[in-house]
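The chain contents come next:
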Amino acid sequence: MSVAPSPCNTFIECICLNSWLSSGFEPSDKSTYANVMDDSTLQKYHLTGEWEGIDGISEYISAYGGDFTGPLEPFSVPKINMSESSDEECVLWNLGASRMFTMPKYSVGGVSKYIDFVGGGVFRFQMTGDPQRPIYLSNWDVWLPDEFIPSVFGTVDSDATAEYVCDEMLNLCNDEDSSSSSSSSSSSSSSKSSKQHLRSKSSGKKGTKKDNKARKKMAKCISKFKSLPATDDGFWIDGDSRQCRILHGFFAKTNPMHCPHITFEKEDDANGKCKCCESKKLKAEDVFSQEQLDFFRSTTLPYELPDESSNPYIQVYTEGFQPPLN
């Protein structure tokens, strides 16, 4: 990793920085996590929630470069501040610009969007004295512009994505539609014996009935999914919203631990946590100091913006046009 010049001003700051650089850790590269993290490492992003351990943090990062978006592509030299470091703990503030794009299949209108944004974080770590594993990362607090979530998840909050999430609910997680009453199930069960000989004679009819039932379940799920708010108050997606279920629906594809997170019923998972239930509505000010926030807001996108009213921290473009990268 190359960094902006003179990010350290004291001996301890420079030792901390050198240990960080020699660790080989890259925040956007999951393959580097095992060398600096363990199961106690905690990542926090106030708009989406907390992620714990190598597997949990890797899983969250995998959402950016999964079914809905392409991978993060950094395109600026990171800006680093080590001023909070001490003999007891190294603290690194990191800031840079990246680009990502949304997959057309799941984008609203079927058109990819490119999203350029400034983002960073605060990393708290200890030097280990082991040249093979020179640092241990205990905490990683993510900072992104408030508009990041609506820009990314709003772009993929499409009909195709609603079907994706409902497919996970109904077919992977086996979450029956809440409107499927026990009486209808009982009726179906009692009639099964008397109609079995008819079904065995006509597999085509059986298939048609089964397909019709599946389509009705899917339609009902999609309708219920679309009735949820997109986010909590326009920014948070850790509550009872569509975009929280989009995020955890992607995770559920490979990890059934997330099935309770996408159901319409509020359920605790195996760890006793209820996600996509109620947003904590944490603000950046709840996580970062004012000095840290000033640092994050000190750098804007490294190119000329379309007009004076443009957001200097995040820009969204159509597939056919992207500004040149410096």
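Structure report, in brief. By convention here, each chain's residues receive numbers from 1 onward along its written sequence. With the structure being a predicted model, the display of local features is reserved for residues of pLDDT at least 70 and the display and counting of side-chain atom pairs for 80 or more, all residues being used for whole-chain, interface and lining totals. To obtain the side-chain values, all non-hydrogen atoms of the structure were used and water was disregarded.

## A few points about the packing of helix H4 (residues 159-172) against helix H7 (residues 242-252)
Right, so step 1: For helices, the fitted line uses only the C-alpha atoms of the stretch in contact; every axis is such a line through C-alpha atoms, and the angle between N-to-C directions lies from 0 to 180 degrees. What counts as a helix is a DSSP run of H or I of at least four residues, what counts as a strand is a run of E of at least two, and both are numbered from the N terminus. The N-to-C vectors of H4 and H7 enclose an angle of 50 degrees; their axes lie 9 Å apart at closest approach. In this view, H4 runs oblique relative to H7, as classed from their interaxial angle. At the point where H4 passes H7, the crossing takes the left-handed sense. In contact with Thr161, Tyr164, Val165, Glu168, Met169 and Leu172 of H4, H7 contributes Arg245, Ile246, Gly249, Phe250 and Ala252. Here is the rule for angles: anything less than 35 degrees is roughly parallel, anything more than 145 is roughly antiparallel, 65 through 115 is roughly perpendicular, and the remaining ranges are oblique. Take the far helix as the reference: if the near one is turned anticlockwise from it by less than a right angle, the crossing is left-handed, and if turned clockwise, right-handed. What makes two residues a contact is simply this: any of their non-hydrogen atoms within 4.5 Å.

## Focus: a negative patch on the surface
Right, so step 1: Exposure above 30% relative accessible area and the lack of any salt bridge qualify a residue for a patch; like charges then connect within 9 Å, and the nonpolar side chains Val, Leu, Ile, Met, Phe, Trp and Tyr within 5 Å. Residue-level accessible areas treat just the shown protein chains as cover; the underlying method is Shrake-Rupley with a 1.4 Å probe. Any Lys or Arg side-chain nitrogen located within 4 Å of an Asp or Glu carboxyl oxygen qualifies as a salt bridge. In this tally, Lys and Arg are treated as positive and Asp and Glu as negative; His is ignored, and so are the chain termini. To locate a charge, take atom NZ for lysine, CZ for arginine, CG for aspartate or CD for glutamate. A cluster of acidic residues, Asp38, Asp39, Glu52 and Asp55, forms a negative patch at the surface.
Right, so step 2: Mapped onto the fold, glutamate 52 is located in strand S2 (residues 49-52).
Right, so step 3: Judged by its relative accessible area of 46%, glutamate 52 is partly exposed. A simple rule labels every residue: compare its accessible area, found with a 1.4 Å probe on the protein chains alone, to the largest value its type can have, and call it buried under 20%, exposed over 50%, or partly exposed in between.

## A few points about the packing of aromatic side chains
Right, so step 1: Note on ring pairs: Phe, Tyr and Trp rings are taken, using the six-membered ring of Trp, and paired if centres are within 6.5 Å. Classes follow the plane angle, with under 30 degrees stacked, over 60 edge-to-face and the rest tilted. Within this structure, the stated rule accounts for 25 aromatic pairs.
Right, so step 2: Plain terms: the ring middles of tyrosine 106 and tyrosine 164 are 5.4 Å apart, the flat faces sit at 85 degrees to each other, and that makes the pair edge-to-face. One end of the pair, tyrosine 106, is in the loop between strand S5 (90-101) and strand S6 (113-127); the other, tyrosine 164, is in helix H4, and 58 residues separate them in sequence.
Right, so step 3: The buried category is assigned to tyrosine 106, whose relative accessible area is 10%.
Right, so step 4: When its relative accessible area of 8% is taken as the criterion, tyrosine 164 is described as buried.
Right, so step 5: Taking 5.2 Å as the distance between ring centres and 10 degrees as the angle between the ring planes, the aromatic pair formed by tryptophan 143 and phenylalanine 296 counts as stacked. Residue tryptophan 143 is located in strand S7 (residues 135-143), and its partner phenylalanine 296 is located in helix H10 (residues 290-296); the two are separated by 153 residues in the primary sequence.
Right, so step 6: Given the relative accessible area of 3%, tryptophan 143 is considered buried.
Right, so step 7: A ring has a charge above it when a Lys NZ or an Arg CZ is no more than 6 Å from the ring centre and no more than 35 degrees off the ring normal. Residue placement shows lysine 275 over the ring face of tryptophan 51; its charged tip is 4.8 Å from the ring centre.

## Comments concerning the pairing of S2
Right, so step 1: In this structure, strand S1 (residues 42-45) lies alongside S2, joined through four bridges in antiparallel fashion. Each residue of the ladder has a partner; that of glutamine 43, found in S2, is tryptophan 51.
Right, so step 2: Count of turn residues in the S1/S2 antiparallel hairpin: three residues. At least two bridges found by DSSP between two strands is the condition for calling them paired.

## Regarding the nonpolar core
Right, so step 1: Each nonpolar core is a collection of buried residues, namely Ala, Val, Leu, Ile, Met, Phe, Trp, Tyr and Cys, held together in the definition by side-chain atoms within 4.5 Å. Judged by nonpolar contacts, the single largest core of 61 residues is most densely connected at Phe25, Phe125, Trp140 and Phe148.
Right, so step 2: Each residue touching phenylalanine 148, except ones within four places of it in the same chain, is listed here: Tyr45, Tyr64, Met100, Phe117 and Ile314.
Right, so step 3: Membership of the second largest hydrophobic core comes to 18 residues, among which are Ala97, Leu301, Tyr303 and Tyr317.

## A look at the pattern of salt bridges
Right, so step 1: The full count for this structure, using the stated rule, is ten salt bridges.
Right, so step 2: The partner of aspartate 159 in a salt bridge is lysine 226, and the shortest N-O contact between them spans 2.7 Å. Note that aspartate 159 is positioned in helix H4 and lysine 226 in helix H6 (residues 203-227), a separation of 67 residues in sequence.
Right, so step 3: Glutamate 285 serves as the salt-bridge partner of arginine 297, at 3.9 Å between the closest nitrogen and oxygen. Highlighted residues: arginine 297 in the loop between H10 and strand S8 (314-318) and glutamate 285 in helix H9 (residues 284-287), separated in sequence by twelve residues.
Right, so step 4: Arginine 297 sits in the partly exposed class, given a relative accessible area of 35%.
Right, so step 5: With relative accessibility at 46%, the residue glutamate 285 sits in the partly exposed group.

## As for unusual backbone geometry
Right, so step 1: The backbone of cysteine 276 shows a phi angle near 60 degrees, a positive value even though the residue is not glycine.
Right, so step 2: Take cysteine 276: it is sitting in the loop between helix H8 (259-262) and H9.
Right, so step 3: Relative accessible area serves as the criterion here: at 1%, cysteine 276 is assigned to the buried category.
Right, so step 4: The phi angle at lysine 281 is positive, at roughly 50 degrees, despite the residue not being glycine.
Right, so step 5: Relative to the helices and strands, lysine 281 is located in the loop between H8 and H9.
Right, so step 6: The partly exposed category is assigned to lysine 281, whose relative accessible area is 35%.

## Some words on the side chain of asparagine 94
Right, so step 1: Mapped onto the elements of the fold, asparagine 94 is located in strand S5.
Right, so step 2: Look at asparagine 94 and you get buried, because its relative accessible area is 11%.
Right, so step 3: Those residues in contact with asparagine 94 that lie beyond four places of it in its chain are Pro78, Lys79, Ile80, Gly119, Gly120, Gly121, Phe123, Phe295 and Phe296.

## Let's talk about helix H2 (residues 53-62)
Right, so step 1: For H2, the buried fraction is high: eight of the ten residues fall into the buried class.
Right, so step 2: Every buried residue of H2 is listed here: Gly53, Gly56, Ile57, Ser58, Glu59, Tyr60, Ile61 and Ser62.
Right, so step 3: Next to the buried residues of H2 lie S1, S2, S7 and H7.

## So, the state of the cysteines
Right, so step 1: Two cysteine sulfurs form a disulfide in these notes if their separation is within 2.5 Å. Tallied over the entire structure, the rule returns six disulfides.
Right, so step 2: Disulfide partner of cysteine 166: cysteine 221, at an S-S distance of 2.2 Å. On the S-S bond that ties cysteine 166 to cysteine 221, the torsion sits near -90 degrees, and the link is left-handed. Placement of the pair is cysteine 166 in helix H4 and cysteine 221 in helix H6, with a sequence separation of 55 residues.
Right, so step 3: We classify cysteine 221 as buried; its relative accessible area is 2%.
Right, so step 4: Across a sulfur-sulfur distance of 2.0 Å, cysteine 173 and cysteine 259 are joined as a disulfide pair. Classification of the bridge connecting cysteine 173 and cysteine 259 rests on its S-S torsion, roughly -75 degrees, and on that basis the disulfide is left-handed. On the criterion of sequence distance, the pair formed by cysteine 173 in the loop between H4 and helix H5 (182-201) and cysteine 259 in helix H8 is long-range, its members being 86 residues apart. Each member of the pair, cysteine 173 as well as cysteine 259, carries the same accessibility label: buried.

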